[in-house]
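A structural walkthrough
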Amino acid sequence: MKKIIAYKTDVELTANIINDFSDSINKYIKGWTSTCVHMDEFFKNGIPNDANAIVTLGILRGTGKLLKEAARIELDRYYIDHAYFEPGYNGKCWLRVSKNKHTINYLKEVSGYRWDKFFSKKHSFHPWKNYSSRGKNILIIPPTSAIAWYFNENEWMKNILSFLKENLSTDLFKTIKIRTKPNEPIVDMTGKYLGLKQNSTEGQVPIEEDLENASIIIAYNSQVALQATLMGIPVIVNKHNSCFGISFKLSDLLKGLNNPIFEIEPDRIKLVKWLSYCQFKLDEVKSGFAFKTINNFQN
């Protein structure tokens, strides 16, 4: 019998999701048993030696430390967070669940059934944009404080700007626009959650306008990259982004924004079909369908 430990925090809404995930395994998954505990159990005793896997939601309030420890000891980890399509906890409460990943960052050939049934009508593709039909800006979406801590990437923004300044013309460098998250989760050097930082939004336009004005998007893990992909805009992203499988490279910018490589449309349909198989509505979590599907497809 395999054992999975489900870790929840004091946040009632997300704790209920973890409870539902744990309950579904005990009710519907043969060969598995699940125990749901508070994060305090991890802080006191660590991960039990007989555990075969852990599951948790988000990287705040200690869960980031838990996930890092599970990765260190090479223990299977099921990570839950906001969905790729229709994120948020309202309505059907779509959730992405990634096995041994922060986000699904690879491509796999699957049926278009879930994309067609659940998402295609609300998330249609715009035609792939050529140089003349794109905007003129280089839009950069840096990681939040919490993400930078989790992935040890506090220098990411500095390094990106350094590369661009060194390799782009002065005029092209002036087209850079940096967009931070308005409500940014802040953590200290140990990963302790300190609260939300209200970043200034003075002069900030809606994200749709920034995308319309962009020729290319450079992002760390932001799902703005997926939104841009649907709009037909090329993206350059980190390996912790769901668009990594269709990402262009920073070096592609050495030939400018009109580099012909940006005219080549990546396999967007393969991406969205696959991501549709890696997110689940709450009812699918409760029924055990999510856990079965993850273990059948995410390997």
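Structure: above.
My aim in this report is to walk through the structure given alongside it, one point at a time.

Examining the sheet that holds strand S7 (residues 176-178)
In a beta sheet, neighbouring strands are held together by backbone hydrogen bonds and run either parallel or antiparallel to one another. Strand order in the open sheet made by the four strands is S7-S6-S10-S11, with parallel pairing throughout. Edge positions in the sheet fall to S7 and strand S11 (235-237), since each of these pairs with one other strand and no more. Averaged over neighbouring strand pairs, the angle between their axes works out to 20° when direction is ignored. With three bridges connecting them, strand S10 (residues 214-219) and S11 associate as parallel partners. Bridge pairing in S11 places alanine 219 opposite valine 237.

Here's the deal with the pairing of strand S5 (residues 95-99)
Among the five residues that make up S5, five are buried, leaving the element largely enclosed by the rest of the structure. Here strand S4 (residues 76-82) runs beside S5; their pairing, made up of five bridges, is antiparallel. Paired with histidine 82 across the strands is leucine 95, a residue of S5. In this structure, S5 lies alongside strand S12 (residues 279-280), joined through two bridges in antiparallel fashion.

Thoughts on the state of the cysteines
What the rule picks out here adds up to zero disulfides. Cysteine cysteine 36 remains unbridged, with the sulfur of cysteine 93 as its closest cysteine sulfur at 15 Å. Looking at cysteine 36, the relative accessible area reads 26%, which means it is partly exposed.

Notes on the pairing of strand S3 (residues 53-57)
A regular strand carries its side chains on alternate faces of the sheet. With respect to burial, S3 is a largely interior element, five of its five residues being buried. Neither face of S3 is open: one carries Ala53, Val55 and Leu57, the other Ile54 and Thr56, and all of them are buried. Direction of pairing for strand S1 (residues 2-8) relative to S3: parallel, over a ladder of three bridges. The partner of isoleucine 4 across the bridge, within S3, is alanine 53. As judged from the five bridges shared by S3 and S4, these two strands associate in the parallel manner. Its bridge partner lying in S4, valine 55 is registered against tyrosine 78. A crossover connection joins S3 to the parallel S4 through helix H3 (residues 63-72); in handedness this β-α-β unit is right-handed.

Focus: the layout of surface pockets
The computed volume of the second largest pocket comes to approximately 310 Å³. Lining the second largest pocket are 15 residues, with Arg77, His102, Tyr150, Phe151 and His240 sitting closest to its centre. If you list the elements that add at least two residues to the lining of the second largest pocket, you get H3 and S4. Counting residues per element, the lining of the second largest pocket draws most heavily on H3, which supplies three residues. Residue classes in the lining of the second largest pocket are distributed as five nonpolar, six polar and four charged.

Cut-offs applied
Residues numbered from 1 in each chain as written. Predicted model: local features only at pLDDT ≥ 70, side-chain atom pairs only at ≥ 80, totals over all residues. Heavy atoms only, no water. Pairing = 2+ DSSP bridges. Helix = DSSP H or I, 4+ residues; strand = E, 2+ residues; numbered from the N terminus. Axes fitted to C-alpha atoms, helices over the stretch in contact; angles between N-to-C directions. Buried < 20%, exposed > 50% of the residue type's maximum accessible area, 1.4 Å probe, protein only. Disulfide = S-S within 2.5 Å. Right-handed = clockwise from strand over helix to strand, strands pointing away. 1 Å grid on protein atoms, 1.4 Å probe; cavity = no way out; pocket = protein on both sides within 12 Å on 5 of 7 lines; lining within 4 Å. Points joined across faces, edges and corners; volume = space filled by probe spheres on them. Nonpolar A, V, L, I, M, F, W, Y, C, P; charged D, E, K, R; others polar.

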